[in-house]
Amino acid sequence: MINVNDIVEINIIDINHLGQGVGKLSDFVVFVDKAVTGDLVKAKITEIKKSFALGKTIEILESSPHRVDSPCENFGACGGCQTLTLSYEEQLKYKKNSVINSLKKSSLDMDGITIYDTIGMDNPYRYRNKTAFSVGKNNGKIQIGTYEQSSHQLVDLDTCLLQDEVADNILKNTKNILEKYKINPYGKRTKNGTIRHIVIRTNKDKEVMLIIVTNTEELPNANKIVEELIKAEPKIKTIVQNINNKNTSVILGYKNKTLYGSGTIIDYIDNLQFVISPHTFFQVNSVQTEKLYEKAIEYAQLTKEYTCFDLYCGIGTISLMAARNAKKVYGVEIVEQSIKDAERNAKVNNIENTKFYTGKVEEVLPKLYKKGIKADVIIIDPPRKGCEKEVLEAIKNISPKRVVYVSCNPATLGRDLEILQDYGFDIEKVQPVDMFCHSTHTEVVVLLQRQDHE
Ligand SMILES: C[S@@+](CC[C@H](N)C(=O)[O-])C[C@H]1O[C@@H](n2cnc3c(N)ncnc32)[C@H](O)[C@@H]1O
């Protein structure tokens with residue numbers, strides 16, 4: 001029987017989705033902060049729940065062969081990374097195992113399914129093309145950073161090893177300039193103050209879109225602030241003020257005001273040009289996105305006779321890559337601005353065999369089927385919640401030769417694959433791709449073939 005404040009010695013056998021070490025004390029599971037797979041630690045029990053306990057590492061008795069030193073001084077406080085002290089090789093193994101465990105948890109028939117090793121990065125740092133930070137104040141000084149895991153404590157950052165160096169400059173410059181113009185951070189409790197967040201988007205040419213999220217309609221001294229930000233970092237191509245006056249943890253509000261530049265930024269995937277707006281979804285890891293999409297297109301095995309659906313298509317990234325190999329591609333996406341960007345991206349890239357629909361896939365897809373628009377291949381890339389059942393039923397009715405499922409959540413992927421398997425699709429290949437290095441998040445691309453299709 002263990003109690004709170006007990007000091008225990010525990011072998012760490014795995015990590016969980018929060019990046020905590022997992023150990024067992026006579027079959028009772030303990031999640032231990034700051035421990036990695038292979039460690040033997042002395043831990044203090046901090047909380048006991050019905051089926052598990054929580055603990056904090058107080059001493060590493062035997063360090064794991066997979067343990068590495070953290071290259072970031074803020075690791076453990078900043079909520080950005082979870083597995084920075086686990087070797088990258090072991091992180092990739094963890095991601096493959098988490099996919100296998102999720103698929104096994106759903107009662108999938110695993111026979112005949114090939115699960116490949118995770119595709120990793122040569123250099124798993126400075127890969128994020130988008131970072132978002134909260135703005136606060138401490139002893140009169142502006143702070144910009146992230147919140148400590150499950151706390152309201154802001155960790156002030158001057159650098160983040162996941163973002164491009166140019167974004168580090170902007171972090172520092174923005175702090176100084178906001179201080180100079182006495183711009184007050186928004187207080188969740190007081191509901192006062194102006195500035196809530198800054199969001200930094202960078203492209204392959206290290207050009208920057210800076211989004212300043214305010215609680216108020218007006219940003220005092222906006223022109224001077226913009227002038228100084230650009231002088232300090234000429235790589236800034238556009239600055240957008242986003243107004244979010246809601247009591248919410250969602251970062252962006254609905255309204256944008258372009259303070260400088262076009263209000264958009266251009267980026268490239270596989271020689272295709274994409275216009276990106278502040279609200280639109282764009283995969284955060286450009287290097288790995290190319291590998292992920294190439295795998296999806298490889299699995300799709302498109303021909304110039306084929307019609308392809310790209311469901312949850314965003315700004316048309318996968319749609320345009322598919323359109324180069326297919327007769328016709330239909331894209332469906334719920335965010336209207338994304339569809340406008342997708343249509344613009346098709347034009348910018350002289351691609352004429354695409355058609356985009358704004359709406360919920362669960363509503364649009366059954367309508368396309370009723371209209372008799374069918375697909376040889378369906379590519380789906382839903383948000384973390386996965387697909388609504390109407391979507392999976394419509395896929396069954398449309399009965400494509402192949403389905404390519406891109407997922408950022410192995411748990412909902414397992415649920416949906418089980419249904420598609422029941423609907424007559426064989427799951428052939430499962431390829432994890434590391435899009436979020438040093439976190440436990442796993443991206444996967446899956447090939448499903450219709451059982452009666454050669
Ligand atoms: C994981 S993203 C993929 C976007 C795109 N395939 C890409 O890779 O850039 C999921 C997309 O689904 C959209 N979305 C979320 N729920 C939706 C729904 N019910 N119907 C249509 N689109 C939806 C989101 O706006 C987002 O653009």
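Coordinates for the structure precede this section.
Bear in mind that the values here come from a model prediction, so they are computed numbers and not experimental data. (Residues numbered from 1 in each chain as written. Predicted model: local features only at pLDDT ≥ 70, side-chain atom pairs only at ≥ 80, totals over all residues. Heavy atoms only, no water.)

Draft legend 1. Molecular detail of the overall build of the chain. For the chain, the count of helices and strands is 9 helices and 22 strands. Expected size for 454 residues packed as a compact globule is a radius of gyration near 22 Å; at 24 Å, the chain falls within 12% of this value. Dimensions of the chain along its principal axes, counting C-alpha atoms only, are 65 × 65 × 35 Å. By the burial criterion, 55% of the 454 residues in the chain qualify as buried. In the form shown here, the chain has an accessible surface area of approximately 20800 Å², with 48% of it arising from carbon and sulfur atoms. Distance from the positive charge centre (60 side chains) to the negative charge centre (59 side chains) of the chain: 6 Å. (Helix = DSSP H or I, 4+ residues; strand = E, 2+ residues; numbered from the N terminus. Rg over C-alpha atoms; globule rule 2.2 N^0.38 Å. Buried < 20%, exposed > 50% of the residue type's maximum accessible area, 1.4 Å probe, protein only. Areas by Shrake-Rupley, 256 points an atom, 1.4 Å probe, with all protein chains shown as cover. Lys, Arg positive; Asp, Glu negative; His and termini not counted. Charge placed at Lys NZ, Arg CZ, Asp CG, Glu CD.)

Draft legend 2. Highlighting the site of the ligand. Close contacts around the ligand come from 17 residues, with Tyr 293, Tyr 312, Glu 333, Val 361 and Asp 381 the closest. Separating an oxygen atom of the ligand from a side-chain N or O atom of Thr 317 is a distance of 3.1 Å. A distance of 2.7 Å separates an oxygen atom of the ligand from a polar atom in the side chain of Glu 333. Summarising the interface, the protein chains cover 91% of the accessible area of the ligand, which totals 590 Å² for the free molecule. In terms of residue class, the shell around the ligand is made up of 9 nonpolar, 4 polar and 4 charged. (Near = heavy atom within 4 Å. Polar contact = N/O pair within 3.5 Å; in protein donor to acceptor, adjacent residues only side chain to side chain. Nonpolar A, V, L, I, M, F, W, Y, C, P; charged D, E, K, R; others polar.)

Draft legend 3. Here's a closer look at the packing of helix H1 (residues 88–105) against helix H9 (residues 410–422). Across the interface, H1 lies against H9 with an axial gap of 8 Å and an inter-helix angle of 40 degrees. Overall, the two elements H1 and H9 adopt an arrangement that is oblique. Crossing angle aside, the handedness with which H1 passes H9 is right-handed. Contacts from Ser 98, Val 99, Ser 102 and Leu 103 of H1 reach H9 at Pro 410, Ala 411, Leu 413, Gly 414 and Leu 417. In terms of residue class, the contact of H1 with H9 is made up of 6 nonpolar, 3 polar and no charged. (Axes fitted to C-alpha atoms, helices over the stretch in contact; angles between N-to-C directions. Parallel < 35°, antiparallel > 145°, perpendicular 65-115°, else oblique. Left-handed = near helix turned anticlockwise from the far one by under 90°. Contact = heavy atoms within 4.5 Å.)

Draft legend 4. Molecular detail of H9. For H9, built from 13 residues, the straight-helix expectation of 18 Å at 1.5 Å per residue is met to within 8% by its first-to-last C-alpha distance of 18 Å. Next to the buried residues of H9 lie H1, helix H8 (389–398), strand S20 (402–407), strand S21 (425–433) and strand S22 (443–450). Looking one or two residues beyond H9, the residue adopting positive phi is Gly 424, at roughly 100 degrees. (Expected span 1.5 Å × (residues − 1).)

Draft legend 5. Quick look at the packing of aromatic side chains. Taken as a whole, this structure holds 4 aromatic pairs when the rule is applied. With a centroid separation of 5.1 Å and an interplanar angle of 50 degrees, the aromatic rings of Phe 31 and Phe 52 are classed as tilted. Of the two residues, Phe 31 sits in strand S3 (residues 28–33) while Phe 52 sits in strand S5 (residues 52–62), which places them 21 residues apart along the sequence. Here Tyr 330 and Tyr 357 contribute two aromatic rings whose centre-to-centre distance is 6.3 Å and whose plane-to-plane angle is 25 degrees, an arrangement assigned as stacked. Residue Tyr 330 is located in strand S17 (residues 328–333), and its partner Tyr 357 is located in strand S18 (residues 354–358); the two are separated by 27 residues in the primary sequence. Here Tyr 330 matches Tyr 357 in class, with each residue buried. (Phe/Tyr/Trp six-rings, centres within 6.5 Å; stacked < 30°, edge-to-face > 60°.)

Draft legend 6. Up close: a negative patch on the surface. Among the surface-exposed residues, Asp 109, Asp 111, Asp 426 and Glu 428 lie close enough to one another that they form a single negatively charged patch. Counting through the fold element by element, Glu 428 comes out in strand S21. (Patch = residues over 30% accessible without salt bridge, like charges linked within 9 Å, V, L, I, M, F, W, Y side chains within 5 Å. Salt bridge = Lys/Arg side-chain N within 4 Å of Asp/Glu carboxyl O.)

Draft legend 7. Quick look at the nonpolar core. Formed by 81 residues in total, the largest nonpolar core has its most connected members in Ile 198 and Leu 210. In contact with Leu 210, not counting residues within four places along its chain, are Ile 170, Ile 198, Val 199, Ile 200, Leu 229, Ile 236, Thr 238, Ile 239 and Val 240. Ranked by size, the runner-up nonpolar core spans 37 residues in total, among them Leu 108, Ile 378, Cys 387 and Val 403. (Core = buried A, V, L, I, M, F, W, Y, C linked by side-chain atoms within 4.5 Å.)

Draft legend 8. Main features of the state of the cysteines. According to the stated counting rule, one finds 0 disulfides in the structure shown. Free cysteine Cys 78: the closest other cysteine sulfur is in Cys 160, separated by 6.4 Å. Cys 81 provides the cysteine sulfur closest to Cys 437, a residue in no disulfide bond, and the two sulfurs are 9.4 Å apart. (Disulfide = S-S within 2.5 Å.)

Draft legend 9. Spatial organisation of the pattern of salt bridges. Evaluation of the coordinates by the stated rule reveals 25 salt bridges. Here Glu 179 and Lys 141 are joined by a salt bridge, their closest N and O atoms 3.0 Å apart. Note that Glu 179 is positioned in helix H2 (residues 165–180) and Lys 141 in strand S8 (residues 141–147), a separation of 38 residues in sequence. A salt bridge links Asp 341 to Arg 344; the shortest N-O distance between them is 3.5 Å. With Asp 341 and Arg 344 both in helix H6 (residues 336–348) and 3 residues apart, this pair spans about one turn of that helix. Members of the salt-bridge network, linked through shared partners, are Arg 126, Glu 165 and Asp 168.

Draft legend 10. Molecular detail of the environment of Asn 325. Positionally, Asn 325 belongs in the loop between helix H5 (317–323) and S17. When its relative accessible area of 30% is taken as the criterion, Asn 325 is described as partly exposed. In this structure the C-alpha to C-alpha distance between Asn 325 and Leu 302, which are 23 residues apart in sequence, comes to 5.7 Å. Sequence-distant contacts of Asn 325, defined by excluding residues within four places in its chain, comprise Ile 297, Leu 302, Thr 303 and Lys 304.

Draft legend 11. Local environment of the sheet that holds S8. The sheet built from 7 strands is open, its strands ordered S9-S8-S7-S10-S11-S12-S13 with mixed pairing. Strands at the two margins of the open sheet, each flanked by one partner only, are strand S9 (154–156) and strand S13 (255–260). Strand-to-strand, the axes of this sheet are offset by a mean angle of 35 degrees, without reference to chain direction. Relative to S13, strand S12 (residues 236–243) runs antiparallel, the two being bridged by 5 bridges. (Pairing = 2+ DSSP bridges.)

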